[in-house]
Amino acid sequence: MKMKNRFFSLLLATVMALTMLPGKVFAQDGAGMTERTTGLDLSGKTEAEANEAEGWSWSPDGEGGYILVLENVNISTQSGDAITLPNNVDVDIVLKGKNHISGDTALSGVELKGGLVTIKGESSDASLTAVSNENSMWGTISISNLLIESGNVYTEGAGNVIDAFTMTGGSFTIDQTFDFDGWAALHTVNRVSITGGKLEITTDESEGSYGIYNYPSQDEGESGVYIGGNAEVVINKSNAGIVVWEKGSGISDGRIEVAGGTVKINSTNIGMYTAMEDIILNGGNIEVTSDNIALRAVQGNINLTGSDVGIKAPTPTSAGGQVIGTFHDIHQWASEWSYDDNRHWKECTNSGCSARSEYAAHQGGSATCTDKAACEICTKEYGAVDVSNHTNLVKMEEKPATHMTVGNMEYWYCDGCKKYFSDETGMKEIALKDTVIPNLTAHTADNTGWHSNETNHWNTCECGETLNKAAHTFEWVIDKETTAAEAGSKHEKCTVCGYEKAAVEIPAMGTDVPQTGDSSHLFVWLMLAFLSGGAVLTLTLKGRKKTNQ
Ligand SMILES: [Zn+2]
Ligand SMILES: [Zn+2]
Ligand SMILES: [Zn+2]
Ligand SMILES: [Zn+2]
Ligand SMILES: [Zn+2]
């Protein structure tokens, strides 16, 4: 066991070293199997046959078709096909391990009558490496009707000539190293349908090299290219990525449709091209990079709704001679906002793209009497100033006019807009002169209060005149109440100006009879005494009532 483990790790290291080498080095397939140097021609074999040493078996499937199992085969012919399949029947090719076949054409089969060749990998790393040489007339894999269901297929050399190509899983890696007789990397005439697995194409980049080439030259069968599901299609540098030509008759035939999956194309001339029908990109994630034209539908339309399309090309799209305004749905949005007076948006930075993102009216912020509102999204000022939203509206109190000085009515002033208003909401604008109350023709009392002498009081006006002159109107003010034993005091005071005369004594009473005032005074006192006594009685009764409850 130890020896075996060491052997395998040594083998693994060798394989890893080889796969890391640049250029066209493939894994050394069929290790341990006998190399076959003549073509395996199965076209006339109707009976089951197997060659364990070479790693293949051929058996009828009981339904008119055959099963070819390839297990680490290594077939290398100097001329002719490495493997030739019978015509017009179904053949399932089951891959086990790593298989390597090379010849003028590596794998050949013609199914004009509807037979289908299906490639299946028994495990996810099972593979078939097919290599064609410079004498190839019909490409590396030449099969009329091919389905790759699973497993990994690599081709190297010329392109592959397949009338109808379907892929639902596995991988198909095409390395087109020479462009013999105009075969494209994947050269087709009928429908191409890729709904699973990964197709990766690298061309020699020569002028006229194509990734997927669909030439509807036959009268029957659908044409065009369909990519959907979870397919992954990568076309590395090529002159044109996916191309559907017109029939010789010029009749509309095939369209290119991407409904799902991922498509990445890098082309020197054209990313996708249709001669007659539409290019419909309504799903999936698509990236087209071209040195010239990204998408061109010569007589059809280009429909980009529904997919995420990123395009980098001087001429993004053209359809019927018209350039379409919006080129893609995944754009390179600028980080900065663009805006006009009313709206903001982000522009796509891809050359030639006029698409806008987040296109919306400015919003939020609040305008004042001096400034427009600043959009809370893009910060651009928009709209009009709000004449009713004052930055600092201050109330000015009313000031009456006098004989010598003008006054003003109550008003409000905003030092933002420097305007005057007659109302507290700042809506009714007035002129400053409208707030002025003219000075009065009559004299007005100044703020020095009352002036007086022993008999009269009067005011003065700012102009120096006197006004409101009148005799004092005195009333007595008791300073100290008199008692039976002690004398009190009182003085006269003007009820208007407050002028006071000197105090005079109130003699002590000596008896119960009040000595001051008259009978009317006594009556008032008696009334007061009666009323206060009544109040006390009322309170007493109330209190008693409460305790009885
Ligand atoms: Zn854009
Ligand atoms: Zn804005
Ligand atoms: Zn204002
Ligand atoms: Zn005056
Ligand atoms: Zn007075």
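Going along each chain's sequence as written, the residues are numbered from 1 onward. Here chains are named by letter from A upward and ligands by number from 1 upward, in the order in which they appear as written. In keeping with the model being predicted, local features are shown solely for residues with a pLDDT of at least 70 and side-chain atom pairs are shown and tallied solely at 80 or more, while totals for entire chains, interfaces and linings include all residues. Remark: hydrogens and water are excluded; side-chain values derive from all non-hydrogen atoms of the structure.

S.K.: I'd love a proper account of the overall build of the protein chain, names of residues and values included.
M.R.: A count of helices and strands for the protein chain gives two helices and 42 strands. Relative to its full complement of 549 residues, the protein chain shows a buried share of 40%. Contact definition: two residues touch when any of their heavy atoms are within 4.5 Å. Put simply, 50% of the contacts in the protein chain that link residues at least 6 apart link residues at least 24 apart. Only the protein chains shown count as cover for residues, with accessible areas throughout obtained via the Shrake-Rupley method and a probe of 1.4 Å. Surface accessibility of the protein chain: about 29,000 Å² in total, with carbon and sulfur atoms responsible for 51%. By the criteria applied, helices consist of DSSP H or I runs no shorter than four residues and strands consist of E runs no shorter than two, each listed in order from the N terminus. Each residue gets one of three labels from its accessible area relative to the maximum for its type: buried under 20%, exposed over 50%, partly exposed in between, using a 1.4 Å probe on protein chains only.

S.K.: Residue-level account of the confidence of the model for the protein chain, with values.
M.R.: Averaged over every residue, the pLDDT of the protein chain is 83; the share at 70 or more is 81%. Summary of the metric used: pLDDT quantifies the predictor's per-residue confidence within the range 0 to 100. Within the model, pLDDT remains below 50 along residues 1–30, and this stretch shows 18 contacts once partners closer than five positions in the same chain are excluded. Ignoring residues within four places in sequence, the model shows residues 533–549, a span with pLDDT below 50, making zero contacts including any to other chains.

S.K.: Requested: an account of the coordination of the zinc ion (ligand 3), with residues and values cited.
M.R.: Note on metal sites: the ideal angle is 109.5 degrees for four tetrahedral donors, and 90 or 180 degrees for six octahedral donors. A donor here means an N, O or S atom no more than 2.8 Å from the metal, or no more than 3.2 Å when the metal is Na, K or Ca. Since water is not included, a site may seem to lack partners. Taken together, C369 (SG), H390 (ND1), C414 (SG) and C417 (SG) make up the full set of protein donors to the zinc ion (ligand 3), lying 2.2 to 2.4 Å away. In short, tetrahedral needs four donors with all angles between 85 and 135 degrees, square planar needs four and octahedral six donors with opposite donors over 155 degrees apart and all other angles between 65 and 115, and whatever is left is irregular. What the four donor atoms of the zinc ion (ligand 3) show is an angle range of 97 to 115° at the metal, which sorts the shape as tetrahedral. Here the donor residues of the zinc ion (ligand 3) are spaced in sequence according to C-x20-H-x23-C-x2-C. A residue pair is termed long-range when its members are at least 10 positions apart, and C369 in the loop between β28 (356–361) and β29 (373–374) and H390 in the loop between β30 (381–382) and β31 (393–396) qualify at 21 residues. Taken individually, C369 and H390 each receive the classification buried, so the pair is uniform in this respect.

S.K.: Tell me about the sheet that holds strand β38 (residues 456–460), and name the residues and values.
M.R.: By this definition, two strands are paired if DSSP reports at least two bridges between them. If you walk across this open sheet you meet the three strands as β37-β38-β39, and the pairing is antiparallel. Edge positions in the open sheet fall to β37 (451–452) and β39 (466–471), since each of these has one partner strand only. Sheet topology places β37 next to β38; two bridges connect them, and they run antiparallel. When the sheet's bridge partners are listed, H451 is paired in β38 with W458.

S.K.: Would you mind going over the packing of aromatic side chains in detail, with residue names and values included?
M.R.: To describe a pair of aromatic rings, one takes the distance between the centres and the angle between the planes. The criterion for an aromatic pair is that two Phe, Tyr or Trp rings (for Trp, the six-membered ring) have centres within 6.5 Å, with stacked assigned to planes under 30 degrees apart, edge-to-face to planes over 60 apart and tilted to the rest. Taken as a whole, this structure holds eleven aromatic pairs when the rule is applied. Between the aromatic rings of Y213 and Y215, the centroid separation amounts to 6.4 Å while the plane-to-plane angle is 45°, which identifies the pairing as tilted. Accessibility expressed as a relative area gives 32% for Y215, which makes it partly exposed. Arranged with centres 4.8 Å apart and planes meeting at 35°, the rings of Y413 and Y420 form a pair that is tilted. Of the two residues, Y413 and Y420, neither departs from the other in class, the shared state being buried. By the ring-pair criterion, three or more aromatic residues cluster together here, those being Y210, Y213, Y215, W245 and Y273. A positively charged side chain is recorded as over a ring if its NZ (Lys) or CZ (Arg) lies within 6 Å of the ring centre. The angle to the ring normal must also be within 35 degrees. The ring of W337 carries the charged tip of K346 above its face, separated from the ring centre by 4.6 Å. Between K469 and the ring centre of W458, over which it is positioned, the NZ or CZ distance is 5.7 Å.

S.K.: Describe the environment of D92, naming the residues involved and giving the relevant values.
M.R.: In this structure, D92 sits in strand β7 (residues 91–96). For D92, a relative accessible area of 22% puts it in the partly exposed group. Discounting chain neighbours no more than four positions away, the residues touching D92 are Y66, I67, L68, T118 and K120. Here a polar contact is recorded for every N or O atom pair within 3.5 Å, except that within protein the pair must consist of a potential hydrogen donor and a potential acceptor, and residues adjacent in sequence are included only if both atoms are side-chain atoms. For D92, the side chain forms a polar contact with the side chain of K120, separated by 3.1 Å.

S.K.: How would you summarise the coordination of the zinc ion (ligand 4) if you had to cite specific residues and measurements?
M.R.: Taken together, H403 (ND1), H443 (ND1), C461 (SG) and C463 (SG) make up the protein donors of the zinc ion (ligand 4), found 2.0 to 2.2 Å from the metal. One way to put it: the four donor atoms around the zinc ion (ligand 4) meet at angles of 98 to 132°, and that makes the site tetrahedral. Here the donor residues of the zinc ion (ligand 4) are spaced in sequence according to H-x39-H-x17-C-x1-C. Here H403, found in the loop between β31 and β32 (407–408), pairs with C463, found in the loop between β38 and β39; they are 60 residues apart in sequence, far enough to count as distant.

S.K.: With reference to specific residues and values, describe the environment of E465.
M.R.: Here E465 shows up in the loop between β38 and β39. A relative accessible area of 42% means that E465 is categorised as partly exposed. As a C-alpha pair, E465 and A445 span 20 residues in sequence and 9.3 Å in three-dimensional space. E465 has contacts with H443, N459 and T460, leaving out every residue within four places of it along the chain.

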